[in-house]
Amino acid sequence: MKNLTRTAATALLGFLVALGIAQPPAGAEPPPGPPPLAASAAAAEPAPAAAEFNVRDYGAVGNGSTNDTAAINKAITAANTVGGGIVRFPSGTYESKNTIKMKSNVTLQLDAGSTISGNGADTYDPPESNQWDNYQDYGHSHFHNAMIYGDNLSNIGFTGSGVIDGDGALITGNPKSGEADKIISLTRCKNLTLSGITLREGGHFAALLNNCDNVVSDRLTIDTAMDRDGWNIISTTNVKITNAHLEANDDALAFKSDYALGAKLNNGHVTVSDSYLSAGCCNALMFGSETCGDFTDYRFERITIKGSDKSGLGLVSMDGAKISDVHYKDITMTDVRSPIMQKVGTRKRCGNNPGVGSISNITYTNIKATGTTPSFSPTVWGESGSGRIHDITFNNVDITVPGGNGTMSTNPPSNDPRDYNPKAIGTRPAYGWYIRNADNVRFADSEVRFAANDGRPAVIANNSTGIRFDRFTAQPGSNSPSDLLFQTVNGYCVAGSANTSGGALRISQTGSSQDCDGGGPGPSPTRYEAENATYSTGSNVDSDHTGYSGAGFVNTPNAVGAYVEWTVNATEAGTAGLSLAYANGTTTARPMDITVNGVTVAAGSPFAGTGAWTTWRTVTVPAALKAGSNIVRAIATTANGAPNIDYLDGPA
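Since the model is a prediction, treat every value here as computed from it, not as a measurement. (Residues numbered from 1 in each chain as written. Predicted model: local features only at pLDDT ≥ 70, side-chain atom pairs only at ≥ 80, totals over all residues. Heavy atoms only, no water.)

Counting secondary structure elements, the chain contains four helices and 47 strands. Relative to a compact globule of 652 residues, whose C-alpha radius of gyration would be 26 Å, the chain shows 34 Å and is clearly more extended. Over its C-alpha atoms, taken along the principal directions, the chain stretches across nearly 135 × 60 × 45 Å. The buried share of the chain, reckoned over its 652 residues, is 54%. In the chain, once contacts between residues fewer than 6 apart in sequence are set aside, the share between residues at least 24 apart is 75%. Surface accessibility of the chain: about 24800 Å² in total, with carbon and sulfur atoms responsible for 47%. Here the chain holds 46 positive side-chain charges and 59 negative ones, and the gap between their average locations is 3 Å. (Helix = DSSP H or I, 4+ residues; strand = E, 2+ residues; numbered from the N terminus. Rg over C-alpha atoms; globule rule 2.2 N^0.38 Å. Buried < 20%, exposed > 50% of the residue type's maximum accessible area, 1.4 Å probe, protein only. Contact = heavy atoms within 4.5 Å. Areas by Shrake-Rupley, 256 points an atom, 1.4 Å probe, with all protein chains shown as cover. Lys, Arg positive; Asp, Glu negative; His and termini not counted. Charge placed at Lys NZ, Arg CZ, Asp CG, Glu CD.)

Below you can see the structure in the form of structure tokens.
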């Protein structure tokens with residue numbers, strides 16, 4: 001520039017600065033001349049393509065026998081060093097005997113025909129020490145012992161259409177040093193894409209995430225049905241999964257929150273849609289069992305589940321988590337052992353002195369399921385006190401269970417509060433829904449059936465409040481004591497419901513109150529004692545079995561047509577529940593027809609055995625009453641006659 005005049009040099013410098021090639025001298029005013037290119041014009045230019053790093057350029061052979069781990073890690077480091085890029089795997093099998101170390105701003109792209117294969121040489125990274133080992137299973141507590149590992153990373157991906165295959169080399173139990181038990185292990189990651197590829201034979205976990213944020217997955221396939229878990233998403237937020245196909249032996253897709261990173265971390269803002277799940281031994285779509293931090297805002301839609309030997313839709317809080325705002329919609333399940341399972345437990349396997357968790361604001365809409373085990377009925381089981389389950393809604397939920405169980409005690413089954421598995425609760429005394437320690441549970445336009453005749457009620461609600469059935473259909477068992485049984489339920493309602501033949505549901509209650517107005521328990525019903533009623537010739541008023549109401553009970557002859565008849569008053573015309581209290585100390589049902597003003601409103605209600613003549617139960621029958629007096633008659637339909645009859649409760 002020394003041969004240029006000062007003016008020409010200044011003009012050239014200004015031109016170079018305008019082009020962004022040179023910088024003005026420090027403290028100098030902007031040179032004259034045209035302004036720099038407009039920012040809007042620069043923004044309109046397409047973003048440059050990400051730099052690509054072919055693993056073969058770094059020494060990978062891809063012949064299925066040469067150990068390519070070092071070459072893969074060199075390519076990852078090269079991409080990371082320049083600020084990021086795509087590490088590409090052309091078609092071939094890339095044997096990986098050591099742990100692949102992911103780094104930020106790197107995406108592994110597996111082309112069609114490419115496979116990263118595991119190896120049983122036992123030369124993977126050893127598991128790191130973890131002072132919080134005791135709060136979760138071993139596989140959750142250690143992350144380094146994996147085929148692919150990364151910690152505290154951002155902007156990473158696994159894409160393409162290739163395969164990452166454990167190839168039978170990964171461990172399903174607790175691995176020894178050098179053994180890996182997972183394919184992908186990521187902690188404290190941000191902005192993860194996991195799409196298009198297939199993970200196969202994953203050992204304990206095909207993919208394990210802990211404390212990640214902003215996860216996107218589309219068209220991910222996991223085939224680890226011969227090993228254990230598919231995908232565990234732990235203490236992770238902002239997740240979107242679409243078009244997944246996950247087949248596992250243990251849990252297929254599980255959302256958890258453990259204490260492996262030494263803190264209780266929150267979870268949520270998750271959507272899963274248009275996906276297929278299958279689990280061999282365990283749960284298909286699961287919350288837990290590790291449940292330290294709270295969970296909120298989950299949406300599951302258009303999901304097919306085929307096979308699970310535990311829960312199809314499992315939702316448990318075992319370690320103090322509050323789980324809320326979870327919504328299931330348009331889900332079909334077949335061959336699931338326990339179609340729907342909710343439970344609050346008291347395992348408390350979490351640091352920071354966890355209390356008892358809770359489950360609330362859960363909805364199920366358009367759910368169809370078939371179960372495979374009579375003992376694992378659909379269950380909503382809360383804990384007393386703060387661990388109660390509340391605000392649960394089932395809309396258009398149709399479940400068919402195997403059935404085939406006999407009549408059994410309707411007392412609450414056994415329960416291990418430290419175990420989340422469906423089998424931790426004994427055989428449910430209801431073939432359909434068993435509800436305990438729950439509040440504000442509503443069923444609408446829903447149905448429960450059995451494949452084989454069952455001697456249990458379709459539904460039992462125990463120690464609960466605000467249990468409502470609108471347009472609910474249940475299949476009656478020929479020997480079941482009732483269809484719906486309410487035990488110590490404050491405010492239950494059954495409206496517009498029927499059995500599968502269109503007849504009235506048989507409703508029984510003990511220590512419960514009815515409320516179909518939503519404003520709390522209504523006025524007490526009017527009681528009509530049997531000893532004050534009209535009864536068939538040969539009947540006696542007896543008092544030799546304790547527990548009855550009033551001065552005694554009516555013992556009819558053992559004959560067809562034996563009856564007890566009351567005159568029931570109604571202040572206005574409408575449908576009311578008529579509750580008849582009885583005892584049947586035999587093991588044989590004593591069915592009766594219930595008529596109102598000569599019209600049968602419940603035919604052949606079984607009035608099954610109550611276990612003893614001193615055990616009194618009620619059967620509630622909805623009936624249309626006219627204003628004024630109504631003649632209500634209970635008529636025996638077999639030669640055994642009627643059970644002992646104590647009273648009839650009618651409208652207030």
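Following the criterion strictly, the structure yields 30 salt bridges and no others. Asp 125 is paired through a salt bridge with Lys 101; the nearest N and O atoms lie 3.2 Å apart. Of this pair, Asp 125 sits in the loop between strand E7 (114-117) and helix H4 (138-141) while Lys 101 sits in strand E5 (residues 100-101), and the two are 24 residues apart along the sequence. With a closest N to O distance of 3.5 Å, Arg 299 and Asp 325 form a salt bridge. (Salt bridge = Lys/Arg side-chain N within 4 Å of Asp/Glu carboxyl O.)

To describe a pair of aromatic rings, you give the distance between the ring centres and the angle between the ring planes. The final tally for this structure, using the stated rule, is 28 aromatic pairs. Here the aromatic rings of Phe 486 and Tyr 492 are separated by 4.1 Å at their centres, their planes lie at 10°, and the arrangement is stacked. What makes Phe 486 buried here is its relative accessible area of 0%. Relative accessible area serves as the criterion here: at 3%, Tyr 492 is assigned to the buried category. The ring of Tyr 563 is capped by Arg 633, whose NZ or CZ atom sits 3.7 Å from the centre of that ring. (Phe/Tyr/Trp six-rings, centres within 6.5 Å; stacked < 30°, edge-to-face > 60°. Lys NZ or Arg CZ within 6 Å of the ring centre and 35° of its normal.)

Our next topic: empty space enclosed by the protein. All told, the structure shown has one cavity of 30 Å³ or more when counted by the stated rule. Its boundaries defined by the atoms lining it, the largest cavity holds a volume of some 30 Å³. Every residue along the wall of the largest cavity is listed here: Leu 578, Ser 579, Leu 580, Ile 594, Phe 607, Val 619, Val 621 and Leu 648. Broken down by secondary-structure element, the contributors of at least two residues to the lining of the largest cavity are strand E42 (574-583) and strand E45 (617-625). The element best represented in the lining of the largest cavity is E42, accounting for three residues. Residue composition of the lining of the largest cavity, grouped by class: seven nonpolar, one polar and no charged. (1 Å grid on protein atoms, 1.4 Å probe; cavity = no way out; pocket = protein on both sides within 12 Å on 5 of 7 lines; lining within 4 Å. Points joined across faces, edges and corners; volume = space filled by probe spheres on them. Nonpolar A, V, L, I, M, F, W, Y, C, P; charged D, E, K, R; others polar.)

By the bridge criterion, 17 bridges tie strand E23 (residues 295-317) to strand E24 (residues 322-344) in an arrangement that is parallel. The partner of Ser 308 across the bridge, within E24, is Val 336. By the bridge criterion, eleven bridges tie E24 to strand E25 (residues 358-371) in an arrangement that is parallel. The residue of E25 that forms the bridge with Val 336 is Gly 371. Sheet topology places E24 next to strand E26 (residues 379-381); three bridges connect them, and they run parallel. Looking at the pairing, Lys 343 lines up with Trp 381 of E26. (Pairing = 2+ DSSP bridges.)

The gaps left among the atoms become clear once a water-sized probe is rolled over them. In this structure, the second largest pocket occupies an estimated 230 Å³ of space. Lining the second largest pocket are 14 residues, with Thr 407, Thr 586, Gly 609, Thr 610 and Gly 611 positioned closest to its centre. Looking at the lining of the second largest pocket residue by residue, the class counts come to four nonpolar, nine polar and one charged.

In this structure, the amide linkage connecting Gly 288 to the following residue, Ser 289, adopts the cis form with an omega of 15°. At Asp 325, a residue that is not glycine, the phi angle is positive and equals roughly 60°. Its location among the elements puts Asp 325 in strand E24. The backbone phi angle of Thr 488 is positive, close to 50°, even though this residue is not glycine. Secondary-structure assignment places Thr 488 in strand E33 (residues 484-495). A relative accessible area of 46% places Thr 488 in the partly exposed class.

Our focus in this paragraph is the pairing of E23. By the bridge criterion, nine bridges tie strand E21 (residues 267-279) to E23 in an arrangement that is parallel. Following the sheet pairing, Ser 275 is matched in E23 by Ile 303. Bridge count between strand E22 (residues 285-291) and E23: three bridges; the pairing is parallel. Note that in E23 the partner of Met 286 across the bridge is Gly 314.

A word on the environment of Pro 374. Note on placement: Pro 374 falls in the loop between E25 and E26. Taking the relative accessible area as the measure of exposure, Pro 374 reaches 28% and is therefore partly exposed. Residues Pro 374 and Ile 594 lie 220 residues apart in sequence; the distance between their C-alpha atoms is 31 Å. With residues up to four places along the chain from it excluded, the contact list for Pro 374 reads Pro 402, Gly 403 and Arg 456.

Membership of the largest hydrophobic core comes to 109 residues, with the highest contact counts inside it found for Phe 158, Ile 164, Trp 231, Phe 255, Phe 300 and Tyr 328. Sequence-distant contacts of Trp 231, that is, excluding residues within four places in its chain, are made with Leu 194, Ala 207, Leu 209, Val 215, Ser 217, Leu 220, Ile 222, Ile 241, Ala 252, Leu 253 and Ala 254. If you look at the next biggest cluster of nonpolar residues, it comprises 28 residues, including Val 621, Leu 625, Val 632 and Ile 645. (Core = buried A, V, L, I, M, F, W, Y, C linked by side-chain atoms within 4.5 Å.)

Below, the discussion takes up the state of the cysteines. Scanning all chains against the criterion turns up four disulfides. Here Cys 292 engages in a disulfide with Cys 350; their sulfurs sit 2.3 Å apart. Around the S-S axis, the bridge from Cys 292 to Cys 350 shows a dihedral of about 140° and counts as right-handed. Of this pair, Cys 292 sits in the loop between E22 and E23 while Cys 350 sits in the loop between E24 and E25, and the two are 58 residues apart along the sequence. On the basis of relative accessibility, which here comes to 1%, the residue Cys 292 falls in the buried class. A relative accessible area of 5% places Cys 350 in the buried class. (Disulfide = S-S within 2.5 Å.)

The strand order across the open sheet formed by five strands is E38-E41-E46-E43-E44, and the pairing between neighbours is antiparallel. Bordering the open sheet on either side are strand E38 (534-535) and strand E44 (599-605), each of which pairs with just one other strand. For strand E43 (residues 592-596) and E44, the ladder comprises four bridges, and the chain directions are antiparallel. Note on E44: the bridge partner recorded for Thr 595 is Thr 600.

Further remarks concern helix H3 (residues 69-81). Under the 1.5 Å per step criterion, the end-to-end length of H3 is 18 Å for 13 residues, consistent within 8% with the ideal 18 Å. Buried within H3 we find Thr 69, Ala 71, Ile 72, Asn 73, Ala 75, Ile 76, Ala 78 and Ala 79. Contacts made by the buried residues of H3 are with strand E1 (52-54), strand E2 (63-67), strand E3 (85-89), strand E4 (92-95), E5 and strand E6 (106-110). Positioned one or two residues after H3, Gly 83 has a phi angle of 100°, which is positive. (Expected span 1.5 Å × (residues − 1).)

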